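Spelled out, the chains give:
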Amino acid sequence: MKHLLNPLDFTVEEIDELLAVAGDIEKNPSKYAHVCDGKKLATCFYEPSTRTRLSFEAAMLNLGGSVLGFSSADSSSAAKGESIADTIRVISCYADICAIRHPKEGAALVAAMNSGIPVVNAGDGGHQHPTQTLTDLLTIHSLKGRLDNLTVGLCGDLKFGRTVHSLINALVRYPNIRFVLISPPELRVPEYIREDVLKAKNIEFKELGNLDEALPELDILYMTRVQKERFFNEEDYIRLKDCYILTPKKMKLAKSDMYVLHPLPRVNEISVEVDKDPRAAYFKQAQYGVYVRMALIMKLLEVNAPC
Ligand code: CP
């Protein structure tokens, strides 16, 4: 039984295969409409979500399966003190696969260790968000036609941003990827990623505080929200929350084929005027999240793609 807790749980070949299936799903959705008939997905979300939970649910429904679950800790027996280990043992009796989101790092691993069904990490605290990464990889591949030879700018909250950590882990496995890490000093990429991932693998990267300076050299700009829920101190959040705002004026500094991605939700970091720019790809990215989660559910349930 396979779980997805970290993007590195899949080989590059497995990810390429998943992206190929997701691409076929986009072109031929009706082919996949019954491949999971009779299967159930449980979504166990202890933390708020719009895209991840609903795109997982849409994915399973599109495959002919059904869904059950809870969307907050308060509406589950976690509110009465039930452990993740006990919860997943019980969910294993009701569903064939589970997607779990939890504010604590490592929660999905604990679930996987106690589960009778495949577990997908749908975000664990500030740690990892591998299905967002699959979404990001599919989006980049669809827009640029490749996952190698790219200069990728990551901007905003690089410290707590689990989507950033997962994306770096995934992209360093492709040739000739350069990173420009744009953040205030307080929100730098964690040391373990700089040392154990980027430096250890000889990946070219630089850290900047200024978005304007970075823009002209980027092939992809990955914007992120400063996450209020990860701060212990409201004052720090207020000081940092608007440190980067992408505007049409700033977009003029970028290449004509530099695409803007964002895992969403957005707060202020991309002005709504940028949405009209053909390089704004974040809503398309949310759509790709459904295709790639369909491919993922099929893989973890060992359902073959129809001919
Ligand atoms: N990108 C993402 O994880 O969005 P949600 O928090 O809405 O699921």
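Since this is a predicted model, take the numbers as computed values, not measurements.

Considering the side chain of histidine 165
Then comes step 1: For histidine 165, the location among the structural elements is in helix H6 (residues 162-171).
Then comes step 2: Look past the residues within four positions of histidine 165 in its chain and what remains in contact with it is Gly126, His127, Gln128, Leu158, Lys159, Phe160, Pro190, Tyr192 and Ile193.

Structural notes on the sheet that holds strand E9 (residues 259-261)
Then comes step 1: Taken in spatial order, the five strands of this open sheet run E7-E6-E5-E8-E9, and their pairing is parallel. Taken across any chain shown, the strands that pair with only one partner, and hence form the sheet edges, are strand E7 (205-208) and E9. Direction aside, the axes of adjacent strands within the sheet are offset by 20° on average.
Then comes step 2: The sheet contact formed by strand E8 (residues 220-223) and E9 spans three bridges and is parallel. Its bridge partner lying in E9, leucine 221 is registered against valine 260.
Then comes step 3: Relative to the sheet, helix H7 (residues 191-199) contacts strand E6 (177-182) and E7, its axis offset from that of E7 by approximately 155°.

Considerations on a nonpolar patch on the surface
Then comes step 1: On the surface, a cluster of nonpolar side chains totalling about 250 Å² of accessible area is made up of Leu68, Val90 and Tyr94.
Then comes step 2: Among the structural elements, leucine 68 can be located in strand E2 (residues 66-70).
Then comes step 3: Among the residues examined, leucine 68 registers a relative accessible area of 31% and is labelled partly exposed.

Here's the deal with the side chain of serine 76
Then comes step 1: Secondary-structure assignment places serine 76 in the loop between E2 and helix H3 (84-94).
Then comes step 2: Aside from chain neighbours lying at most four places away, what touches serine 76 is Tyr46 and Phe70.

Regarding the site of the ligand
Then comes step 1: For the ligand, the full set of nearby residues is Ser49, Thr50, Arg51, Thr52, Arg101, His129, Gln132, Pro263 and Leu264.
Then comes step 2: One of the backbone N or O atoms of threonine 50 is found 2.8 Å from an oxygen atom in the ligand.
Then comes step 3: Histidine 129 is positioned with one of its side-chain polar atoms (N or O) 2.9 Å from an oxygen atom of the ligand.
Then comes step 4: Protein chains bury 91% of the 260 Å² of accessible surface belonging to the ligand in isolation.
Then comes step 5: The residues that make up the shell around the ligand include at least three from each of domain 1 (7-128 + 288-300) and domain 2 (130-286).

Let's talk about the packing of aromatic side chains
Then comes step 1: Overall, the coordinates contain three aromatic pairs when judged by the stated rule.
Then comes step 2: Measuring from ring centre to ring centre gives 5.2 Å for tyrosine 46 and phenylalanine 70, while their planes differ by 85°; the resulting arrangement is edge-to-face. One end of the pair, tyrosine 46, is in the loop between strand E1 (40-45) and helix H2 (51-62); the other, phenylalanine 70, is in strand E2, with 24 residues separating them in the sequence.
Then comes step 3: Taking the relative accessible area as the measure of exposure, tyrosine 46 reaches 11% and is therefore buried.
Then comes step 4: With centroids separated by 6.1 Å and ring planes inclined at 65°, the aromatic side chains of tyrosine 288 and tyrosine 291 adopt a geometry described as edge-to-face.

Some details on unusual backbone geometry
Then comes step 1: Cis geometry marks the peptide bond from leucine 264 to proline 265; its omega dihedral reads 5°.
Then comes step 2: Inspection of the secondary structure puts proline 265 in the loop between E9 and helix H11 (282-300).
Then comes step 3: In the Ramachandran plot, asparagine 149 falls in the positive-phi region, its phi being about 50° despite a non-glycine side chain.
Then comes step 4: With respect to the helices, strands and loops of the structure, asparagine 149 is situated in the loop between helix H5 (130-144) and strand E5 (150-155).
Then comes step 5: Judged by its relative accessible area of 39%, asparagine 149 falls in the partly exposed class.

Considerations on the environment of glutamate 191
Then comes step 1: Position of glutamate 191 relative to the elements: it lies in helix H7.
Then comes step 2: Between the alpha carbons of glutamate 191 and lysine 159 there is a distance of 9.2 Å; along the sequence they are 32 residues apart.

Remarks on the domain arrangement of the protein chain
Then comes step 1: Each assigned domain of the protein chain is listed with its residue range as follows: domain 1 (7-128 + 288-300) and domain 2 (130-286).
Then comes step 2: Using only C-alpha atoms to locate each centre, domain 1 and domain 2 end up separated by 24 Å.
Then comes step 3: With 31 residues of domain 1 in contact, the opposing surface of domain 2 contributes 27 residues.
Then comes step 4: Between domain 1 and domain 2 the total buried area reaches about 2,500 Å² when both faces are included, carbon and sulfur atoms providing 60% of it.
Then comes step 5: It is Arg51, Gln128 and Tyr288 that lose the most area in domain 1 upon contact with domain 2, and together they represent 30% of the buried surface on that side.
Then comes step 6: Inspection of the domain 1/domain 2 interface yields one salt bridge.
Then comes step 7: The residue arginine 162 makes a salt bridge to glutamate 47 at a minimum N-O spacing of 3.2 Å.
Then comes step 8: Counting across the interface, domain 1 meets domain 2 through 13 residue pairs in polar contact (both at pLDDT 80 or more).
Then comes step 9: Only helix H1 (12-27), H2, strand E3 (97-102), strand E4 (119-124) and H11 provide two or more residues apiece to the side of domain 1 that touches domain 2.
Then comes step 10: When residues of the side of domain 1 that touches domain 2 are assigned to their parent elements, the largest contribution, seven residues, is made by H11.
Then comes step 11: Here the residues of the side of domain 1 that touches domain 2 are counted per class, giving 15 nonpolar, ten polar and six charged.

Conventions we followed
- Residues numbered from 1 in each chain as written.
- Predicted model: local features only at pLDDT ≥ 70, side-chain atom pairs only at ≥ 80, totals over all residues.
- Heavy atoms only, no water.
- Helix = DSSP H or I, 4+ residues; strand = E, 2+ residues; numbered from the N terminus.
- Contact = heavy atoms within 4.5 Å.
- Pairing = 2+ DSSP bridges.
- Axes fitted to C-alpha atoms, helices over the stretch in contact; angles between N-to-C directions.
- Patch = residues over 30% accessible without salt bridge, like charges linked within 9 Å, V, L, I, M, F, W, Y side chains within 5 Å.
- Areas by Shrake-Rupley, 256 points an atom, 1.4 Å probe, with all protein chains shown as cover.
- Salt bridge = Lys/Arg side-chain N within 4 Å of Asp/Glu carboxyl O.
- Buried < 20%, exposed > 50% of the residue type's maximum accessible area, 1.4 Å probe, protein only.
- Near = heavy atom within 4 Å.
- Polar contact = N/O pair within 3.5 Å; in protein donor to acceptor, adjacent residues only side chain to side chain.
- Domains from an automatic or database assignment.
- Phe/Tyr/Trp six-rings, centres within 6.5 Å; stacked < 30°, edge-to-face > 60°.
- Buried area = accessible area lost by both parts, 1.4 Å probe.
- Nonpolar A, V, L, I, M, F, W, Y, C, P; charged D, E, K, R; others polar.

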